[in-house]
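Commentary on secondary and tertiary structure
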Amino acid sequence: MTVLTPPARRLPPTPVLISAAILAAAALAALLPAALAGDPFAINLDEVLTGPSWQHPFGTDLSGRDLYSRIVHGTRESLLIGLGATGVALLIATVLGFAAALAPKTSAAAADRSVEVLFAFPAVLLALLLVSVFGPGSTTLIVAVGVGVAPGYARIIRGQVLTVRTSPYVEAAAALGHSPLRIFARHIVPNALRPMVVVATLGIGQTIVWASGLAFLGVGVPPPAPEWGALLDGGRTYITHAWWLEVFPGLAIVVIALAATTVGRHLAHRWEGRS
């Protein structure tokens, strides 16, 4: 079967294991944040903008809230936004990709033009449009990022469908008298979408960065939610004398994005070896 991704250099096992451990720790923080940190909304006006210490490893914010607790509790929302946006992107891409590859000529051309329009429309403007209509929040952020990422996925799915439908096993199924619907359901759909599991894993880190960037611009989850991009947005005013408000949320975003990308590259390499 034709492989979607270009040949990838084999990653050494240590970075992959470290990345997998980071993702496992992030999943634990998302599922059981109260077991790892305290109340992210607890205000202590006696400890406003306190630097990192044994009591507050990541320091405190303008309201005296523990930044470590807010980052841990924000893991769930940040990961859900990344996973949700990836899911929305895959849903839109599947519809457009299959339509562009299998639909009649007029409908296929319309699907192709739709993908091109999405490519040309800046994701930030789309996010601002959605926020102005639906208001800021996690759902708006998921939809905005998902629509922004979908065109790339749609192009991949379209190319994969075009390759699969001319493959020998599809031609053999047609020669055996299988109906077009059965060929589509049992051969084209599974083989066209299976590689997208690897592609989506690579894209989760991208969607988290996109969502955090939009939240940093103020079009994401409104305060006092401890979403990582919102934490960056809330701390930028005090970066000159409270550097920890930007450094630690930024590190959380970068580390999770790198870990997801590393695991995705490893899965892509293993997929190539089995294809």
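Let me sum up the structure you'll find in this document. Bear in mind the structure is a predicted one, so any value in this text is a computation, not a measurement. (Residues numbered from 1 in each chain as written. Predicted model: local features only at pLDDT ≥ 70, side-chain atom pairs only at ≥ 80, totals over all residues. Heavy atoms only, no water.)

1. Quick notes on the pattern of salt bridges
For the coordinates displayed, the defined rule picks out four salt bridges. Arg 113 is the partner of Glu 116 in a salt bridge, and the nearest nitrogen-oxygen pair spans 3.0 Å. Placement of the pair is Glu 116 and Arg 113 together in helix α4 (residues 105-120), with a separation of three residues, close to one helical turn. Its relative accessible area of 37% is what places Glu 116 among the partly exposed residues. Judged by its relative accessible area of 43%, Arg 113 falls in the partly exposed class. One salt bridge connects Asp 233 with Arg 236, and the closest N-O pair in it is separated by 3.0 Å. Linked by salt bridges that have partners in common, Asp 61, Arg 65 and Arg 70 make up one network. (Salt bridge = Lys/Arg side-chain N within 4 Å of Asp/Glu carboxyl O. Helix = DSSP H or I, 4+ residues; strand = E, 2+ residues; numbered from the N terminus. Buried < 20%, exposed > 50% of the residue type's maximum accessible area, 1.4 Å probe, protein only.)

2. Considering the packing of aromatic side chains
The full count for this structure, using the stated rule, is five aromatic pairs. Between Phe 58 and Phe 248 the ring centres are 4.3 Å apart and the planes differ by 10°, which places this aromatic pair in the stacked class. Linking Phe 58 in the loop between α2 (33-36) and α3 (67-102) with Phe 248 in helix α11 (residues 244-274), this pair joins segments that are 190 residues apart in sequence. Judged by its relative accessible area of 23%, Phe 58 falls in the partly exposed class. A ring pair is formed by Trp 243 and Phe 248, whose centres lie 5.9 Å apart and whose planes are at 40°; its orientation type is tilted. (Phe/Tyr/Trp six-rings, centres within 6.5 Å; stacked < 30°, edge-to-face > 60°.)

3. Re the packing of helix α7 (residues 168-175) against helix α8 (residues 180-193)
α8 packs onto α7 with a crossing angle of 180° between their chain directions and a minimal axis gap of 11 Å. Considered as vectors, α7 and α8 are oriented roughly antiparallel to each other. Across from Tyr 169, Val 170, Ala 173 and Ala 174 in α7, the residues of α8 making contact are Ile 183, His 187, Ile 188 and Asn 191. For the contact of α7 with α8, the per-class residue count stands at six nonpolar, two polar and no charged. (Axes fitted to C-alpha atoms, helices over the stretch in contact; angles between N-to-C directions. Parallel < 35°, antiparallel > 145°, perpendicular 65-115°, else oblique. Contact = heavy atoms within 4.5 Å. Nonpolar A, V, L, I, M, F, W, Y, C, P; charged D, E, K, R; others polar.)

4. Focus on the packing of helix α1 (residues 13-31) against α3
Direction vectors running N to C along α1 and α3 enclose 100°, while the axes themselves pass 7 Å from each other. Our classification of the angle between α1 and α3 gives roughly perpendicular. Together, Ala 26, Ala 27, Ala 29, Ala 30 and Leu 31 of α1 and Val 72, Thr 75, Arg 76 and Leu 79 of α3 make up the contact between the two elements. For the contact of α1 with α3, the class distribution of residues is seven nonpolar, one polar and one charged.

5. Quick notes on α8
Owing to its 3.6 residues per turn, the α-helix aligns residues three or four sequence positions apart on the same side. The principal kink in α8, of about 25°, is found at His 187, preceding the proline Pro 190 by one to four residues. Of the surrounding secondary structure, the elements contacted by the buried residues of α8 are α3, α6 (138-165), α7 and α9 (196-216). (Bend = angle between axes of the 7 residues up to and from the residue.)

The analysis is restricted to geometry; functional conclusions fall outside its scope.
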